[in-house]
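Chain by chain, the residues run as shown.
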Amino acid sequence: MGTRRGVRTAVALATVAVAVAVAAPAHATTEQFDAGQWWIEAMGVTQAHEQATGEGVVVALLDTPIYAEAPELQGQDVVPSGTRCEQPWSEDDGAPSLPAGPISEVTSHATSMAALIVGNGQGTRADGRGTAGIAPGATLRTYALYDTIGDRGLDCQHGERDDVEFLREVLGADPDIVVVTSEWVGEADIDLQEVVNEGISDGVVFVNSAGNGGPEEAISRFGAVDGVVNAVAGDTEGMAAEFNSVDSRPVDYLTAQDTLTTDPEQAVALAPTAGASGQPTVLVPGVDITAGGFWEGRWESDLMNSGTSASAAFTAGALALVMEKWPDATGNQVLQSMVRHANHPHALGYAAGYGFGGLSLTSMLSEDPTGYPDVHPYYGGLRWAFADDVPPPVMTQRGEGDEAQFWQPTYAEDEQGLPWPLGPGTPATGSASPTSAAPSPEREEASAEAAAPREETAGPPLGWIVVGAVLVAAVVAGALWARARASRTTNVENDNTPVEGPGA
């Protein structure tokens, strides 16, 4: 692991789409370039750097190969470390697969994400400026998921290694944070789930970007693995971006009659049956972001993009700052801090379009997370995220015939004898049903709590700084780079109030 006093945390896996088709990019003016760094003030990064820069924290970035010669990465601790792609059998079969390479359509995306995490602020602009990273003091290990652009988009020219073998290699290097900002193709399976389970038991945090496919597209495949953090993109006004992939199953809530509903307006609490896999976890800046990219054969620093990859990169960097500030905290406790301090307008604490709300970096830095339970906050169910007495989650495991078991809700000891959905038992005579049952004392208490306003989290809301109508053309590689669409973002969960998102 890194140098963090025996605590290991891996933040992993953000995603972008595989299709690649470069659109015509354009340079940002000085005003637009500055506006594209709105996230720095919105998240309180300048003040955060007075407390931590990520020093001593190791981040593993899983994406395309990286262009390590970008000016933003010079003098930073960036180590190209491995590849998921197979190697050629001989020299006659082509060039080897490497984790780094010259600037190109292939290496551009990982380089942009690296700059957002550890960038030194120096670049190719006439004034010498470039992308400044959220955690410039961190060590960044980069791993290539792909090494070429083929007929099916991002691809491996000599074939792909086994995903489980590759992930074990990444975790074997003992990173504190692992962030994947390129879509990991294929289906999530029990073999991969077991590696994630082992990582969680070791204090590893896995983060995945939701993807840029729009509201009818499911969160990308790694986000379906239990225990993963799914980052979605927000804009300057605290709105969830329209390009977020959030087409997942409805969230289960409980009514005052102990029945299930998917309408938060009719709910008093999250239901025990509400799982987190394939659901958004946290809202983080991701619209109109200055990140640099490939332009006319070279790296250019004054290009902008929008997408959940940037959101995942910022999530990884923010957690790196928290890990440095609170080195005795476990990965589970850092996640506990993230979900508890997230800005959210709902008393229930969770909404299907943006998860627990906007990531609040200042609040996370201000409170020692070692006082929180050392238990993953939502693996056992979304409802456990704010609980102080959290049972160890029921881990998704291998079932009969080596097939994965479905996710199982985690119930407290005193819930074991209750009928579904309040407990694991089947409905019994006199139990809660959709048409009958008086409110239980627990639900009455939850209803009163839901009616009370939640305590506000410190820091400005995401919309504190407004870029306005700045829609600079990005370096677009298909859905790798979603076009900036600040005027086309949308609210979610039948709520017309912007989320107080990625605030300080």
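Rules used in this analysis
Residues numbered from 1 in each chain as written. Predicted model: local features only at pLDDT ≥ 70, side-chain atom pairs only at ≥ 80, totals over all residues. Heavy atoms only, no water. Helix = DSSP H or I, 4+ residues; strand = E, 2+ residues; numbered from the N terminus. Buried < 20%, exposed > 50% of the residue type's maximum accessible area, 1.4 Å probe, protein only. Contact = heavy atoms within 4.5 Å. Areas by Shrake-Rupley, 256 points an atom, 1.4 Å probe, with all protein chains shown as cover. Disulfide = S-S within 2.5 Å. Phe/Tyr/Trp six-rings, centres within 6.5 Å; stacked < 30°, edge-to-face > 60°. Lys NZ or Arg CZ within 6 Å of the ring centre and 35° of its normal. Salt bridge = Lys/Arg side-chain N within 4 Å of Asp/Glu carboxyl O. Axes fitted to C-alpha atoms, helices over the stretch in contact; angles between N-to-C directions. Parallel < 35°, antiparallel > 145°, perpendicular 65-115°, else oblique. Left-handed = near helix turned anticlockwise from the far one by under 90°. Nonpolar A, V, L, I, M, F, W, Y, C, P; charged D, E, K, R; others polar. Pairing = 2+ DSSP bridges. Arc of directions from axis to C-beta. Polar contact = N/O pair within 3.5 Å; in protein donor to acceptor, adjacent residues only side chain to side chain. Expected span 1.5 Å × (residues − 1).

*Asks:* Where do I start with the overall build of the protein chain in this structure?
*Replies:* Helices and strands together make up the secondary structure of the protein chain, namely 10 helices and 18 strands. Sorting the 504 residues of the protein chain into buried and exposed places 61% on the buried side. Excluding contacts between residues fewer than 6 apart, the proportion of contacts in the protein chain whose partners are at least 24 apart in sequence is 78%. As presented, the protein chain carries roughly 18,700 Å² of accessible surface, and 48% of it is formed by carbon and sulfur atoms.

*Asks:* Would you mind showing me how to read unusual backbone geometry here?
*Replies:* Comment: phi is negative for the bulk of residues other than glycine, and the bulk of peptide bonds are trans. In this model, W420 is joined to P421 through a cis peptide bond whose omega is 10°. Take P421: it is sitting in the loop between α9 (361-366) and α10 (441-451). Of note in this structure, D174 is not a glycine but carries a positive phi near 55°. If you trace the backbone, D174 turns up in the loop between α5 (163-172) and β8 (177-180). Even without glycine at this site, D258 takes up a positive phi of about 65°.

*Asks:* What exactly am I supposed to notice about the state of the cysteines here?
*Replies:* Structurally, a disulfide amounts to a covalent bond that connects the sulfur atoms of two cysteines. Under the definition given, this model contains 1 disulfide. Two residues share a disulfide in this structure: C85 and C156, whose sulfurs sit 2.1 Å from each other. Judged by the torsion about the S-S bond (-65°), the C85/C156 disulfide is left-handed. Linking C85 in the loop between β2 (78-83) and α4 (108-118) with C156 in the loop between β7 (153-155) and α5, this pair joins segments that are 71 residues apart in sequence. Residue C85 is classed as buried on the basis of its relative accessible area, which comes to 2%.

*Asks:* Please explain the packing of aromatic side chains as it appears in this structure.
*Replies:* As enumerated under the stated definition, the model contains 6 aromatic pairs in all. On the numbers, 6.3 Å between centres and 50° between planes, the contact of F206 with F222 is tilted. A residue pair is termed long-range when its members are at least 10 positions apart, and F206 in strand β9 (residues 206-209) and F222 in the loop between β9 and β10 (228-234) qualify at 16 residues. By way of ring pairs, the aromatic residues Y350, F356, Y378 and F386 are connected into one cluster. Here R125 stacks its cationic end above the ring of F33, 4.7 Å away from the centre of that ring.

*Asks:* It is not clear to me how the pattern of salt bridges should be interpreted in this structure. Could you clarify?
*Replies:* When their charged atoms lie close together, side chains carrying opposite charge are able to pair. Enumeration over the complete set of coordinates arrives at 14 salt bridges. Close ionic contact of R84 with E160 constitutes a salt bridge, the shortest N to O distance being 4.0 Å. Note that R84 is positioned in the loop between β2 and α4 and E160 in the loop between β7 and α5, a separation of 76 residues in sequence. Residue R84 is classed as buried on the basis of its relative accessible area, which comes to 2%. Several salt bridges converge on common partners, so that one network encompasses D34, R125, D127, R129 and D302.

*Asks:* Explain the packing of α5 against helix α6 (residues 190-201) to me, please; I cannot follow it from the model alone.
*Replies:* The angle between the axes and the distance between the axes are what describe a pair of packed helices. Between α5 and α6, whose axes approach to 9 Å, the crossing angle comes to 15°. Here α6 runs roughly parallel to α5, going by the angle between their axes. As α5 packs across α6, the resulting crossing turns out to be right-handed. Between α5 and α6, the contacting residues are D163, V164, L167, R168 and L171 on the first element and D191, L192, V195, V196 and E198 on the second. Split into classes, the residues belonging to the contact of α5 with α6 amount to 6 nonpolar, no polar and 4 charged.

*Asks:* It is not clear to me how the sheet that holds strand β13 (residues 269-270) should be interpreted in this structure. Could you clarify?
*Replies:* One open sheet accounts for 3 strands, arranged β12-β11-β13; its pairing is antiparallel. This sheet does not close on itself; its edge strands, each paired only once, are β12 (260-261) and β13. As judged from the 2 bridges shared by strand β11 (residues 253-254) and β12, these two strands associate in the antiparallel manner. Looking at the pairing, L254 lines up with L260 of β12.

*Asks:* Teacher, can you tell me more about α5 here?
*Replies:* In an α-helix, one full turn covers 3.6 residues, which means residues spaced three or four apart are oriented alike. For α5, every residue scored as buried is listed here: D163, V164, F166, L167, V170 and L171. Buried residues in α5, looked at end-on, bunch into an arc of 160°, giving them a common side. Packed against the buried residues of α5 are β1 (58-63), β2, β5 (139-144), β8, α6 and β9. Among the residues of α5, the N-terminal cap falls to D162, whose side-chain oxygen and the backbone nitrogen of V164 are separated by 3.1 Å. Downstream of α5 by one or two residues, D174 has phi in the positive range, about 55°.

*Asks:* It is not clear to me how the environment of A224 should be interpreted in this structure. Could you clarify?
*Replies:* Inspection of the secondary structure puts A224 in the loop between β9 and β10. Sequence spacing of A224 and Q279 is 55 residues, and the spatial spacing of their C-alpha atoms is 7.8 Å. Setting aside anything within four residues of it in sequence, one finds A224 in contact with S277 and G278.

*Asks:* Just to check I follow, could you spell out α6 for this structure?
*Replies:* For α6, spanning 12 residues, the distance from its first C-alpha to its last is 16 Å, which sits close to the expected 16 Å at 1.5 Å a residue. The set of residues buried in α6 consists of I190, L192, Q193, V195, V196, N197, G199 and I200. Lining the buried residues of α6 we find α5, β9 and α8 (331-341). Directly beyond the C-terminal end of α6, a positive phi value near 95° is found at G203.

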